[in-house]
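So you can see what is in the structure, the chains are spelled out below.
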Amino acid sequence: MQGENNAGEKTPLFAIHDASVVRASKTILHVDDFTLHEGEHVALLGPNGAGKSTFIQLLTREVFPLYRDEPPVRFRGNPRPQLTDVRRALGVVSSTMHEQIRVHLPSVDIVVGGLFGTLGLPKQVEVTERDRQLALDALDRLGIPEVAERDVMTLSTGQARRVLVARELIRDPQVLVFDEPCTGLDPEGMYHVRETMSTLAAEGRSIILVTHYPEDIIPAIGRVMLIKNAAIFADGPKEQILCDEVLSNLFDVPLVVDEHDGWYSMRGQYGA
Ligand SMILES: Nc1ncnc2c1ncn2[C@@H]1O[C@H](COP(=O)(O)OP(=O)(O)OP(=O)(O)O)[C@@H](O)[C@H]1O
């Protein structure tokens, strides 16, 4: 059967084995083993500079590991996948992307741009009524149909970030990568971005979340991977990982973790 190996096991979405990324003669990330299955969710947590973005770029094939005879990163079992196949399966939303929007365009046009990999409408491409309808549907699903005709530069940060999620959704990717999606958002913006992640997870898409804060880890995400000093520090069920001792060791300061209805929060333990 397609998607299974001879032992009947499902082929993972991503499999990494013995991958090292080196920059300026320094290993900035080493991954012994990592597997993510179709539809599985994972949150990546770790201090600044630990290697989280590098890890994501290994998946998106924006950075490459040191050469090995056996390629260290496999996508759906393929050691040498076409970049277009990887990009088609993945949607990426980051907090920095929104800073790149410098055009006065209706939000719906920004979303249509997702079909062509551009931040606005590409020149020399005719946008069909179907493209436009796909964009309107995506905005509708994210609960912001009213912003379709509004200049994207006039939206709040939270609305603009959801427009960028819609821009990814228009291609119907099976995997959504959220790289620090709530950075710079007020509580309303955070609420909607976290709700959006929950909606997409419920649709059966894989969510890969990079964050500094357990508050971003929606209940649907059951697995947490910690990255510290360019390596995987811990990887497992969130109930085991999101606790005082493990996160205090991760960030090297005393921290207290609380849980309520599947949502986690973290604060410093002062005077300890
Ligand atoms: N081109 C490069 N040359 C040298 N060092 C680099 C290069 N790119 C990244 N690094 C270093 O690699 C390390 C990992 O960077 P990365 O962006 O993956 O960390 P991060 O965990 O995402 O950090 P943050 O939480 O601050 O976003 C950092 O120390 C960074 O300075």
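The structure reproduced in this document is the subject of the present report. (Residues numbered from 1 in each chain as written. Predicted model: local features only at pLDDT ≥ 70, side-chain atom pairs only at ≥ 80, totals over all residues. Heavy atoms only, no water.)

To continue, consider the site of the ligand. As a structural note, the neighbourhood of the ligand is formed by Arg23, Ile28, Pro47, Asn48, Gly49, Ala50, Gly51, Lys52, Ser53, Thr54, Glu180 and His212. Separating an oxygen atom of the ligand from a backbone N or O atom of Gly51 is a distance of 2.9 Å. At a separation of 2.8 Å, an oxygen atom of the ligand approaches a polar side-chain atom of Ser53. Relative to its free-state accessible area of 650 Å², the ligand is covered by the protein chains to the extent of 59%. With three residues, the top contributor of residues to the shell around the ligand is helix α1 (residues 52–59). In the shell around the ligand, the residues fall into three nonpolar, six polar and three charged. (Near = heavy atom within 4 Å. Polar contact = N/O pair within 3.5 Å; in protein donor to acceptor, adjacent residues only side chain to side chain. Areas by Shrake-Rupley, 256 points an atom, 1.4 Å probe, with all protein chains shown as cover. Helix = DSSP H or I, 4+ residues; strand = E, 2+ residues; numbered from the N terminus. Nonpolar A, V, L, I, M, F, W, Y, C, P; charged D, E, K, R; others polar.)

Where helix α4 (residues 129–141) contacts helix α5 (residues 157–169), the axes come no closer than 9 Å and their chain directions differ by 130 degrees. Between α4 and α5, the angle is such that the two are oblique. Every pair of crossing elements has a handedness; the one defined by α4 and α5 is right-handed. Taking contact as the criterion, the partners of Ala138, Leu139 and Arg141 in α4 are, on α5, Val163, Ala166 and Leu169. For the contact of α4 with α5, the class distribution of residues is five nonpolar, no polar and one charged. (Axes fitted to C-alpha atoms, helices over the stretch in contact; angles between N-to-C directions. Parallel < 35°, antiparallel > 145°, perpendicular 65-115°, else oblique. Left-handed = near helix turned anticlockwise from the far one by under 90°. Contact = heavy atoms within 4.5 Å.)

Relative to the elements of secondary structure, Asn249 occurs in helix α8 (residues 244–251). For the pair Asn249 and Thr11, spaced 238 residues apart in the sequence, the C-alpha separation amounts to 34 Å. Among all residues touching Asn249, those that are not within four sequence positions of it are Lys228 and Phe233.

With that settled, consider the environment of Arg68. Mapped onto the fold, Arg68 is located in the loop between α1 and β4 (73–75). In this structure Arg68 comes out as partly exposed when scored by relative accessible area, which is 26%. Residues Arg68 and Ser20 lie 48 residues apart in sequence; the distance between their C-alpha atoms is 9.8 Å. Apart from residues no more than four positions distant in its own chain, Arg68 is found in contact with Asp18, Ser20 and His30. In this structure the side chain of Arg68 is engaged in a polar contact, spanning 2.8 Å, whose partner is the backbone oxygen of Asp18. (Buried < 20%, exposed > 50% of the residue type's maximum accessible area, 1.4 Å probe, protein only.)

For the structure on display, the rule yields 15 salt bridges. When the shortest N-O distance is used, the salt bridge between Glu149 and Arg132 registers 2.8 Å. Highlighted residues: Glu149 in the loop between α4 and α5 and Arg132 in helix α4, separated in sequence by 17 residues. Residue Glu149 is classed as exposed on the basis of its relative accessible area of 52%. On the accessibility criterion, Arg132 (26% relative accessible area) is partly exposed. Two residues, Arg194 and Asp216, come together in a salt bridge whose shortest N-O distance is 2.8 Å. With a gap of 22 residues between them, Arg194 in helix α6 (residues 187–202) and Asp216 in the loop between β7 (206–211) and β8 (223–228) connect regions that are remote in the sequence. Grouping residues by exposure puts Arg194 and Asp216 together as buried. The network of salt bridges with shared partners includes Arg141, Asp172, Glu203 and Arg205. (Salt bridge = Lys/Arg side-chain N within 4 Å of Asp/Glu carboxyl O.)

This part is about the pairing of β8. Summarising burial for β8: six of the six residues are buried, a large majority. Burial along β8 is two-sided: the face carrying Arg223, Met225 and Ile227 and the face carrying Val224, Leu226 and Lys228 are both buried. Across six bridges, β8 lies against strand β9 (residues 231–237) in antiparallel orientation. Bridge pairing in β9 places Val224 opposite Gly236. Between β8 and β9, which follow one another and run antiparallel, lie two residues, and Asn229 among them has a positive phi close to 50 degrees. (Pairing = 2+ DSSP bridges.)

We now examine the nonpolar core. Leu139, Phe178, Ile207, Leu226 and Leu247 are the most contacted members of the largest nonpolar core, which totals 47 residues. Broken down by element, the residue count for this core peaks at six residues, all from α5. Of all hydrophobic cores here, the second largest spans 28 residues; its members include Leu13, Ala19, Ile56 and Val73. (Core = buried A, V, L, I, M, F, W, Y, C linked by side-chain atoms within 4.5 Å.)

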